[in-house]
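Secondary and tertiary structure notes
For reference, the chains in residue letters:
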Amino acid sequence: MSDRFEVTFAPLSADPETVTALLAGEGLELGSKARELDTKSAGSVSKAAAAADFKGKYKSTIEILAPAKLGIDRLIVAGLGKDGALSAQQYVDLGGAILGAIQNRKTSTASLIVDVETSGDHSAEQIAALIGQGALLRHYNFKKYFTKKSGDDSAADKDGIKKLIVHVAHPDKAKAAFHPLKAVANGVNFARDLVNEPANVLGPVELAEKTKALEKLGVEVEILDVKAMEKLGMGSLLCVGQGSARPSRLAVMVWNGAKGSKKQKPVCFVGKGVVFDTGGISIKGAAGMEDMKGDMGGAAAVIGTMYALAERKANVNAVGLVGCVENMPSGNAVRPGDIVKSMSGQTIEVINTDAEGRLVLADVLWYAQETYKPKLVIDLATLTGAIMIALGKEYAGLFASDDKLADELLSASRSTGEKLWRMPLDKAFDKMMDSKNADVKNTGGRWGGAATAAAFLQRFVQKDVPWSHIDLAGTAMDGARNDINQSWGAGWGVRLLDRFVAGHYEKSEK
């Protein structure tokens, strides 16, 4: 995560920086501090708005160079839209858009004045905090492998903004509101770092070891090695990594945050952590294979979510499990036609070694249920190209055995803008997974690839456990860029799962 950028809060009376942004509602409605600056500068804001036909529409901006008598070099006016009409996520997006406008200017520190006089659901301090989260998310970049050459700024990270000072009436209240939002942003950026990291640096062992960073936040971390997984009978997971020179791992993160009840059943998140996927013996084509460093995007989302829950001290018990493997072809690799035995006892015929993520998840799902007896299980995986054919890179596919769980996830999706679309679980897809030689096979043929993959996973979910599978192959890496994400690795799913927990499970047991 980048620690080169911070968001702080200051009173409205504090002197603004030489690059300053302020907010204007639709119809050029200005707050008290903005009106004061406009008056002091002989109507510079009003005149510039009239000249540019700027009316304060949401996320629209104008820039005023060196307005008179303010000591400000550049004044950016950002549109807030209609009074009180924005959702929490729209304020987050606005923060990203404003930071994007500020980043175009050479400055290490900037001010943002939040003096809104709104009748909406959010106070000025809450709005300041939400905008601050958007700025944190927008600022993220991954440039650690650029080397700076003498006189060549293009090869390295240019000096940019390091601090955004948000001016608001009650900065202490804004800071308090910002704390949990910052924790979530930190979780997202932690996940982004994992997805962006090249596979030669982040192998299965290294990915598992990254979870130990959560111990400082109070998370209990356990890492199972190959011998431990062999003892548990995880033949499905282990067969995927047997072709690699790098051993597989299972990382388990436990957050016992439910106040007064460690015995409260946990919510459980399971992530596919394939650090690189060649396809194995069923090898992929060369074109685009470099992107397969991101095939652990589901694991990254789980780790980032656990990070966020722990840093903000979420009042919930949660367990995150990630199966960390590398899928490589070699003399030791699993072959098409091999039959392996899963931890559940079910035998699996491996038809295609490039359908490896589900083999990993099968054992991790079973281990999660047997060990933690969770109230629900959600798995996340960059599982199929088929989901991208269906939904592109805007939506992740949602499969769920339980309508209530599906509705809760869809609600969180609408709140955060991390889009889900519910896909079908059907007996016909399950039938397509029947094998002539074993209990189940790992592919169901060409048609309905995302749905048959979900049907395979469901065979490893116990009937009394509400379960959801999220296929984020299109959103975890190289997805659609937006106001709060300009990164190849999006950290997608962290905000979704955090909102899911906060909205439905972070409360006292009745």
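Residues numbered from 1 in each chain as written. Predicted model: local features only at pLDDT ≥ 70, side-chain atom pairs only at ≥ 80, totals over all residues. Heavy atoms only, no water.

1. So, the sheet that holds strand 15 (residues 396-400)
Strand order in the open sheet formed by eight strands is 8-9-11-10-14-18-15-16, with mixed pairing between adjacent strands. Only two strands of the sheet have a single partner each, and these edge strands are strand 8 (220-224) and strand 16 (420-422). Each strand of the sheet is rotated relative to its neighbour by a mean of 20 degrees, with strand direction disregarded. (Pairing = 2+ DSSP bridges. Helix = DSSP H or I, 4+ residues; strand = E, 2+ residues; numbered from the N terminus. Axes fitted to C-alpha atoms, helices over the stretch in contact; angles between N-to-C directions.)

2. Brief notes about the pairing of strand 5 (residues 74-81)
The side chains of a regular strand alternate, first on one face of the sheet and then on the other. With respect to burial, strand 5 is a largely interior element, seven of its eight residues being buried. Across seven bridges, strand 2 (residues 19-25) lies against strand 5 in parallel orientation. Bridge pairing in strand 5 places L23 opposite A78. Sheet topology note: the strand 4 (residues 61-65)/strand 5 ladder contains five bridges and is antiparallel. Within strand 5, the position partnered with I64 by the bridge is L75. (Buried < 20%, exposed > 50% of the residue type's maximum accessible area, 1.4 Å probe, protein only.)

3. So, the nonpolar core
Core analysis: the largest hydrophobic core is formed by 103 residues, its most contacted members being L23, F269, I378 and F500. Residue contacts for F269: discarding those within four places in its chain leaves V302, T305, M306, L309, A318, V319, G320, L321, I378, L497, F500 and V501. Among the nonpolar cores identified, the runner-up in size contains 53 residues, and L224, V325, V360 and A455 belong to it. (Core = buried A, V, L, I, M, F, W, Y, C linked by side-chain atoms within 4.5 Å. Contact = heavy atoms within 4.5 Å.)

4. Overview of the confidence of the model for the protein
Taken over all residues, the pLDDT of the protein has a mean of 94, while the share at 70 or more is 96%. Confidence drops under a pLDDT of 50 for residues 152-157, and excluding neighbours within four residues, the segment shows ten contacts in the predicted structure. (pLDDT = per-residue confidence, 0-100.)

5. Structural notes on the sheet that holds strand 12 (residues 339-341)
Read from one edge of the open sheet, three strands run 12-13-17, paired in mixed fashion. Edge positions in the open sheet fall to strand 12 and strand 17 (440-441), since each of these has one partner strand only. Pairing of strand 13 (residues 347-349) with strand 17 involves two bridges; the strand directions are parallel. Paired with I348 across the strands is V440, a residue of strand 17.

6. Here's the deal with the packing of helix 4 (residues 124-139) against helix 5 (residues 171-196)
Viewed as axis vectors pointing N to C, helix 4 and helix 5 meet at an angle of 20 degrees, and their least axial separation amounts to 8 Å. Put simply, helix 4 runs roughly parallel to helix 5. In the crossing of helix 4 with helix 5, the sense of the turn from one axis to the other is right-handed. Across the interface between the two elements, E125, A128, A129, L130, G132, Q133, L136 and L137 of helix 4 pack against K173, A174, A177, F178, L181, K182, V184, A185, V188, N189 and R192 of helix 5. (Parallel < 35°, antiparallel > 145°, perpendicular 65-115°, else oblique. Left-handed = near helix turned anticlockwise from the far one by under 90°.)

7. Details of the packing of aromatic side chains
Taken as a whole, this structure holds six aromatic pairs when the rule is applied. Centre to centre, the rings of F456 and F460 are 5.1 Å apart; their planes meet at 45 degrees, and the pair counts as tilted. Comparing F456 with F460, the two get one shared label, buried. Centroid distance F500 to Y505: 5.1 Å. Interplanar angle 45 degrees. Geometry classified as tilted. Of the two residues examined, F500 and Y505, each falls in the buried class. The ring of W488 has K293 lying over it, and the distance from NZ or CZ to the ring centre is 5.1 Å. (Phe/Tyr/Trp six-rings, centres within 6.5 Å; stacked < 30°, edge-to-face > 60°. Lys NZ or Arg CZ within 6 Å of the ring centre and 35° of its normal.)

8. Some words on helix 14 (residues 449-458)
A large share of helix 14 lies buried, amounting to nine of its ten residues. Within helix 14, burial applies to G449, A450, A451, T452, A453, A454, A455, F456 and L457.

9. Focus on unusual backbone geometry
Phi angles above zero are rare outside glycine, and A66 is one such case at about 45 degrees. Inspection of the secondary structure puts A66 in the loop between strand 4 and strand 5. Positive phi, normally seen in glycine, also occurs at D478, with a value near 50 degrees. With respect to the helices and strands, the residue D478 is situated in the loop between strand 18 (467-471) and helix 15 (494-504). Its relative accessible area of 32% is what places D478 among the partly exposed residues.

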